[in-house]
Amino acid sequence: MLELIVPAVILTGFNNPSFEQSVLATDVWVYNARDWQVSGDAGVWAPNEIAYISREYDRNNVGFVQTGWAMPQGTLSTWIKLDDATTYRFGYLSATRLDNPLLFDSYNFNIYDTNNALVYGQTRYINDRGVWAQQYHTFATSGTNASLYRDYRVEFLVNNTGQLNIDMVTVTEVIPSPGTIVLGMGALALIRRKRYGVHGF
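Because the structure is a prediction, the values reported are computed rather than measured.

Undergrad: Help me understand the pattern of salt bridges, please; the structure alone is not making it clear to me.
TA: Tallying each qualifying case throughout the model produces 6 salt bridges. As a salt-bridge pair, Arg153 and Glu155 come within 3.5 Å of each other at their nearest N and O atoms. Exposure remark for Arg153: the relative accessible area of 11% places this residue in the buried category. For Glu155, a relative accessible area of 8% gives the class buried.

Undergrad: Any chance you could explain the environment of Ile50 here in plain terms?
TA: Topologically, Ile50 is positioned in the loop between strand S5 (42–45) and strand S6 (62–67). According to the relative accessible area criterion, Ile50 is exposed, its value standing at 57%. Once the C-alpha coordinates of Ile50 and Gly130 are considered, the two residues, 80 residues apart in sequence, prove to be 8.8 Å apart. Those residues in contact with Ile50 that lie beyond four places of it in its chain are Leu98 and Asp99.

Undergrad: It is not clear to me how the sheet that holds strand S9 (residues 106–112) should be interpreted in this structure. Could you clarify?
TA: Read across the open sheet, the 5 strands follow the order S4-S7-S12-S9-S10; overall the sheet is antiparallel. With partners counted over all chains shown, the strands left at the sheet margins are strand S4 (37–39) and strand S10 (118–125), one partner each. Each strand of the sheet is rotated relative to its neighbour by a mean of 20°, with strand direction disregarded. Strand direction decides the pairing type here: S9 and strand S12 (residues 149–158), joined by 6 bridges, are antiparallel. Each residue of the ladder has a partner; that of Phe109, found in S12, is Phe156.

Undergrad: Please explain the side chain of Thr67 as it appears in this structure.
TA: As for its placement among the helices and strands, Thr67 is situated in strand S6. On the accessibility criterion, Thr67 (15% relative accessible area) is buried. For Thr67, the contacting residues outside a window of four places in its chain are Gln73, Gly74, Leu102, Val158, Asn160, Thr161 and Gly162.

Undergrad: Which parts of the structure should I look at to understand the layout of surface pockets?
TA: To find the voids left in a structure, one rolls a probe of water-molecule size over its atoms. Roughly 170 Å³ of volume is contained in the second largest pocket. As for the second largest pocket, its lining consists of 13 residues, of which Trp29, Gln66, Arg97, Asn100 and Gln163 are closest to the centre.

Calculation rules
- Residues numbered from 1 in each chain as written.
- Predicted model: local features only at pLDDT ≥ 70, side-chain atom pairs only at ≥ 80, totals over all residues.
- Heavy atoms only, no water.
- Salt bridge = Lys/Arg side-chain N within 4 Å of Asp/Glu carboxyl O.
- Buried < 20%, exposed > 50% of the residue type's maximum accessible area, 1.4 Å probe, protein only.
- Helix = DSSP H or I, 4+ residues; strand = E, 2+ residues; numbered from the N terminus.
- Contact = heavy atoms within 4.5 Å.
- Pairing = 2+ DSSP bridges.
- Axes fitted to C-alpha atoms, helices over the stretch in contact; angles between N-to-C directions.
- 1 Å grid on protein atoms, 1.4 Å probe; cavity = no way out; pocket = protein on both sides within 12 Å on 5 of 7 lines; lining within 4 Å.
- Points joined across faces, edges and corners; volume = space filled by probe spheres on them.

Purely geometric stuff here, so don't read any function into it on its own.
Now the structure itself:
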């Protein structure tokens, strides 16, 4: 018998999860994001030196979602394929800027199906300005056949005036069984590797 330690499986479900479409000059922003849908006041920004207390974001760029200036409310969203009857954990880094005069206290992380019906939505509140925080959301897909997949749209938006910065967006399949599974050698042949991708890829 073989004792197999089974952690959560890290999936590569997002294209451009860190908004590194191109290296922007410091404090330059663009109202687009490769492989993301941008609406209103949102896009990609290269942070300046005074925006955060510490640099914990990945590489050069971050995504931003903003409300309160002259443009419409901003949203960032992207499509992902998820298996039916499976639990997932979405993760990302979030922060607000020390140098932004517009304050806000909350934002939403939403998931929609292909009919644009909201299947998951959660409001998160901001406590410390200028501090990056790791965020997680757990979402269970519907259906009964885990070998089938559906398309879902993941969205970030700010609820009131202010700017949210996000980076390093990931998705992890949650293994519901205990961390240690004892398998016979024959059972190992049943383990298969799934492939995941963003809608259209």
